[in-house]
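A closer look at the structure
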Amino acid sequence: MSFFNPSNEETSQQHAAGTSTSSTQSPTEETPNTSGRPVVLGERQKCDLERVNGSCKTCSRLQIDCLGWGEKRPDWMRDTTQVAIRKAQLRSQMHRSRQPPAAQATTPPPVLSSGAAPNLPGGGFYDLTPGEGEIGSTSMAASSSTVGENSYEGLILFYFQNVVSYEFRFASEHVLQTLQHAVIRNSHGPVPNAMCASASLLQYIITSGTNSVPPNSLSFTIFQKAVTQLKHSKDTQGWYFNTDAMAAIELVKFAQMRGSIDDWRLPLDVCCHWLHNSPLNKQANPMSVLPHMSDVARFSTEATIWMETFACITTGRRPLFLTLCRNMWGNAEPTPGGPAVELSMSGLMGCSNQVMLAFAEIAGLAAWKEEKRRADSLSVRRLVEAGRVIETALRATRTHASLSDDVAKNANIAAQLSNTQSTLAQTSRGGPLDANQSLVPFIEGVFFNTALLYLQTILNDNSPGVPYVQSAVRSLVQILNWIPTPADASLLLPICLAGCMTDDATERNFFSRRLQNQNQHIGNVAHVRLVMESVWQRRDTLRVNVDWRDVMQELGFKLLLA
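Computed from a prediction, not measured in an experiment: that's the story for all the values here. (Residues numbered from 1 in each chain as written. Predicted model: local features only at pLDDT ≥ 70, side-chain atom pairs only at ≥ 80, totals over all residues. Heavy atoms only, no water.)

Some details on the overall build of the protein
- Summing up its helical and strand segments, the protein has 22 helices and 5 strands in all.
- A total of 562 residues make up the protein; the buried ones form 57% of that total. (Helix = DSSP H or I, 4+ residues; strand = E, 2+ residues; numbered from the N terminus. Buried < 20%, exposed > 50% of the residue type's maximum accessible area, 1.4 Å probe, protein only.)

Laid out in structure tokens, this is it:
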């Protein structure tokens, strides 16, 4: 199979997959010039345009599929997902054709350790390395093989058509392209294996109606291949690569999709180990490092901060990257003379950078409060003062009006949201919101008010009767009323926190109904409902403030609401 040479796309006879052999021209009839001749995908070798037994000589020599050539660009090449899949499939074929028989043997799946991360070099973080993760992929090739050819293409396609819109519902088009390029550049690496594991899992849940997947299932088999590759990369190189971190993020999402039945903390430890030893985390001014980071490194950094911070909210731990967040989004200054480059949490999960910093600050304050309380040395005055500093900084960075009590009265906003809701209702599974940017500020509004609510629960010991708490809950109800329900699966923390912090029967019914409209077997939806109902029952019975995190732990849930 060959690929278009962009230098002469219009005049050269294109040799591309998807073109029927009955409509292809004879190689002897084609007279392309040397610069315009198509090249074989992956190998960047010129196609000889000589057919031998239904395939050109170049594809036969490379032992890859050759599906013909034609004058027009095939329709599938206009679909970036299809292009990514076909590129990855071809690279997988070429990789297997080069593997000696002994190298294709599988090894027993290892178990990721969750010990303290040693201070290791952050190799492969910069774009200066020869390819994203390709150093690691060379050595990892002996420890695993890619998913079978027939299922690989289908699972990757299913991932980008269905899974990614569930896991990264608010992701920008750039994030989706970064994920696709990671598959293209290393089709036999841990990233596509992790994606295929999640795709297979979602297929099983949809068809079986349960997330109780058998240990010998295809999803677990592929999952263990990705784990094997991550462990091999660490054991042989001494550190994790950018693509290892991206794969670990997907393994965290795999565990979440199963309702956190699996321990998401182990793959999250891989992400934290990678980021902890990265140049970005070592620099006092991360802005000097950001311009040199690759797209995969940016994605992995954003996702790691997101998941680790939200994990601290439910577990009560102190955030590992609070200092990094402060350096990036607090008082950091851009590199003199350099471009203004920064990470974008909003482009990944819908929460602005400043609000994510506030979440990290509040989680740190909650951990400090608990430490002082256990030591019987808590100063309420210092607690309140610290809370005021966080709230002031949070409100000062709000660039658009807070969506509060008057949201439904604003005709322009209402019309805008109504149009967005109508558009989204026509998309499959809600879909990424790149084509519906008008909704993005309102997703940011959800997280903004959730951060305010989270802060008030820490300052007021989870009391639902505090006016600030009631106001934040009311604002969340009003904003969520305008957001299509498919998005709720990606807003579990706001719904859980607001639901637990209300005594109003109407609001309780609102949050419960939002979750009832979701698939109860995918992710933590059913767990969050049970946590809310348990909090309500305990508070109504005992007439005391109830910490929703204590209830979650008593129920035996280890939830990551990210």
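Brief notes about the packing of aromatic side chains
- With the rule as written, the count across this model stands at 10 aromatic pairs.
- Plain terms: the ring middles of Trp239 and Phe241 are 6.4 Å apart, the flat faces sit at 65 degrees to each other, and that makes the pair edge-to-face.
- Ring geometry for Phe310 versus Phe447: centroids 6.4 Å apart, planes at 55 degrees, classification tilted. Highlighted residues: Phe310 in helix 11 (residues 295-315) and Phe447 in helix 17 (residues 440-459), separated in sequence by 137 residues.
- Among the aromatic side chains, those forming a connected cluster through ring pairs are Phe310, Phe359, Phe447 and Tyr454.
- In this arrangement the basic side chain of Lys253 is found over the ring face of Phe168, its NZ or CZ atom lying 5.5 Å from the centre. (Phe/Tyr/Trp six-rings, centres within 6.5 Å; stacked < 30°, edge-to-face > 60°. Lys NZ or Arg CZ within 6 Å of the ring centre and 35° of its normal.)

A few points about the packing of helix 5 (residues 173-185) against helix 11
- Relative to each other, helix 5 and helix 11 sit at 115 degrees, their axes nearing to 10 Å. The crossing of helix 5 and helix 11 is left-handed. For the pair helix 5 and helix 11, contact is made by His174, Val175, Thr178, Leu179 and Ala182 and by Asp295, Val296 and Phe299, respectively.
- For the contact of helix 5 with helix 11, the per-class residue count stands at 5 nonpolar, 2 polar and 1 charged. (Axes fitted to C-alpha atoms, helices over the stretch in contact; angles between N-to-C directions. Left-handed = near helix turned anticlockwise from the far one by under 90°. Contact = heavy atoms within 4.5 Å. Nonpolar A, V, L, I, M, F, W, Y, C, P; charged D, E, K, R; others polar.)

Some points on the pattern of salt bridges
- Under the definition given, this model contains 17 salt bridges.
- In this structure, Lys231 engages Asp235 in a salt bridge whose closest nitrogen and oxygen atoms are separated by 2.7 Å. Of this pair, Lys231 and Asp235 both sit in helix 7 (residues 218-237), 4 residues apart, roughly one helical turn.
- Lys231 gets classed as partly exposed once you look at its relative accessible area, which sits at 30%.
- Across the pair Arg373 and Glu370 runs a salt bridge, and its minimum N-O distance is 2.4 Å. Here the residue Arg373 and the residue Glu370 both occupy positions in helix 14 (residues 353-374), the gap between them amounting to 3 residues, near one helical turn.
- Through salt bridges with shared partners, a single ionic network connects Asp503, Arg508, Arg539 and Asp540. (Salt bridge = Lys/Arg side-chain N within 4 Å of Asp/Glu carboxyl O.)

Purely geometric numbers; function is a separate question.
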